[in-house]
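Below are the chains, spelled out letter by letter.
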Amino acid sequence: MTLLTSMAIGWACEIMVGRLVGAGDLRAANGLVRKAVRNGLLASGSLALFAALGAPWLMRAFTKDAAVIEAAQTLLWLSLLLETGRVFNLILNGALRATGDAIYPAVSSVASLVLVLGVGSFWLGRLFGLPGIWLAYALDEWIRGLLLLSRWLWRGWLPNARDSRRRLRAEKN
């Protein structure tokens, strides 16, 4: 449910940013992305928090094994970190693509997936087991998300948006 909420906000934002960039309203696109990130963090963070708080009762519907319930509680609390980090990725990745800035998100994602998720899962998994792997997953989402957020906030997307707008105008004429 949490993932679907972030995905829905991200897809809607991507469509609207593409439309705003096409119309040349870059200021509105910037405001929309900031609002989408805020709303995504509130929605996904709240859902993940409710799931973590309700884990002792929710998990009893699936199992009576205390070890499984305890492990699930740990993972659901780590999911609070994971899902809030994922908000940045889903919203900002789509927004950057909609402006024509596709290379930076792709390169930063591949680098983070290999270095943080891959190497981190190996080492943290060896140290802490499944919670360590989940922590590496959350760290990967946050690092990628913060890289994309910095690209957006420092307006690295503006040259691509202007080029996209220029190409669109040239196609019309």
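Treat the numbers as computed from the prediction; the structure is a model and nothing was measured.

Engineer: What exactly am I supposed to notice about the overall build of the protein chain here?
Structural biologist: The number of helices and strands found in the protein chain is 6 helices and 0 strands. Secondary structure of the protein chain in N-to-C order comes out as α-α-α-α-α-α. The C-alpha extent of the protein chain, read off along each of the three principal axes, is 70 × 30 × 20 Å. Here the protein chain, with 173 residues, has 40% of them falling under the buried criterion. Look at the contacts in the protein chain between residues 6 or more apart in sequence, and 78% of them connect residues 24 or more apart. Here the protein chain displays about 9,800 Å² of accessible surface, and carbon together with sulfur accounts for 69% of that area.

Engineer: Help me understand a nonpolar patch on the surface in this model?
Structural biologist: Residues Val 110, Val 114, Leu 115, Val 119, Phe 122 and Trp 123 make up a contiguous nonpolar surface patch of about 610 Å² in total accessible area. If you trace the backbone, Trp 123 turns up in helix H4 (residues 103–128). Trp 123 sits in the partly exposed class, given a relative accessible area of 49%.

Engineer: Honestly, the layout of surface pockets in this entry has me stumped. Any pointers?
Structural biologist: It is the rolling of a water-molecule-sized probe over the atoms that shows where space remains empty. Of the volumes computed, that of the largest pocket is approximately 160 Å³. Lining the largest pocket, in full, are Met 1, Thr 2, Leu 3, Leu 47, Ala 48, Ala 51, Leu 76, Ser 79, Leu 82, Glu 83, Arg 86 and Trp 134. Elements supplying a minimum of two residues to the lining of the largest pocket: helix H1 (2–23), helix H2 (26–58) and helix H3 (66–98).

Engineer: How do you make sense of the side chain of Asn 89 when you look at a structure like this?
Structural biologist: Mapped onto the elements of the fold, Asn 89 is located in helix H3. Only 2.3 Å separates the side chain of Asn 89 from the side chain of Glu 141, close enough to count as a polar contact. When residues no more than four places from it in sequence are discounted, the contact partners of Asn 89 are Gly 94, Glu 141, Arg 144, Gly 145 and Leu 148.

Engineer: Looking at this structure, I do not really get the packing of H4 against helix H5 (residues 130–153). What am I missing?
Structural biologist: Each packed pair of helices is defined by two parameters, the angle between the axes and the distance between the axes. Across the interface, H4 lies against H5 with an axial gap of 7 Å and an inter-helix angle of 160 degrees. In this view, H4 runs roughly antiparallel relative to H5, as classed from their interaxial angle. As H4 runs across H5, the sense of the crossing is right-handed.

Definitions and cut-offs
Sequence order as written defines the numbering, with residues in each chain counted from 1. Whole-chain, interface and lining totals are the exception, using all residues; otherwise, since this is a predicted model, local features are given only for residues with pLDDT of at least 70 and side-chain atom pairs are given and counted only at 80 or more. In computing side-chain values, all of the structure's heavy atoms are included and hydrogens and water are not. We count a stretch as a helix when DSSP gives it H or I for four or more residues in a row; a strand needs E for two or more, and each element gets its number in order from the N terminus. Exposed residues in this analysis have more than 50% of their type's maximum accessible area, buried residues have under 20%, and partly exposed residues fall in between, with area computed by a 1.4 Å probe over protein chains only. In what follows, residue pairs with any heavy atoms lying within 4.5 Å of each other are defined as contacts. The Shrake-Rupley method, run with a 1.4 Å probe sphere, supplies the accessible areas, and residue values consider only the shown protein chains as cover. Residues form patches when they are more than 30% accessible in relative terms and have no salt bridge. Like charges link within 9 Å. Nonpolar side chains (Val, Leu, Ile, Met, Phe, Trp, Tyr) link within 5 Å. Whenever a carboxyl oxygen of Asp or Glu lies within 4 Å of a side-chain nitrogen of Lys or Arg, that contact is scored as a salt bridge. A pocket, in this scheme, is an open set of points on a 1 Å grid over the protein atoms alone with protein on both sides within 12 Å along at least 5 of 7 lines, while a cavity is a set where a 1.4 Å probe fits but cannot get out; residues line either one if an atom lies within 4 Å of a point. Grid points are joined across faces, edges and corners, and a volume is the space filled by probe spheres set on the points. Two N or O atoms form a polar contact when they lie within 3.5 Å of each other; inside protein one atom must be a possible hydrogen donor and the other a possible acceptor, and for residues adjacent in sequence the pair counts only when both atoms belong to side chains. Axes, fitted as lines to C-alpha atoms, cover a helix only where it is in contact. Angles between the N-to-C directions of the axes lie from 0 to 180 degrees. In what follows, roughly perpendicular refers to angles from 65 to 115 degrees, roughly parallel to angles under 35, roughly antiparallel to angles over 145, and oblique to any angle outside these ranges. For any helix crossing, the convention is left-handed if the near helix is rotated counterclockwise from the far helix by under a right angle, and right-handed if that rotation is clockwise.

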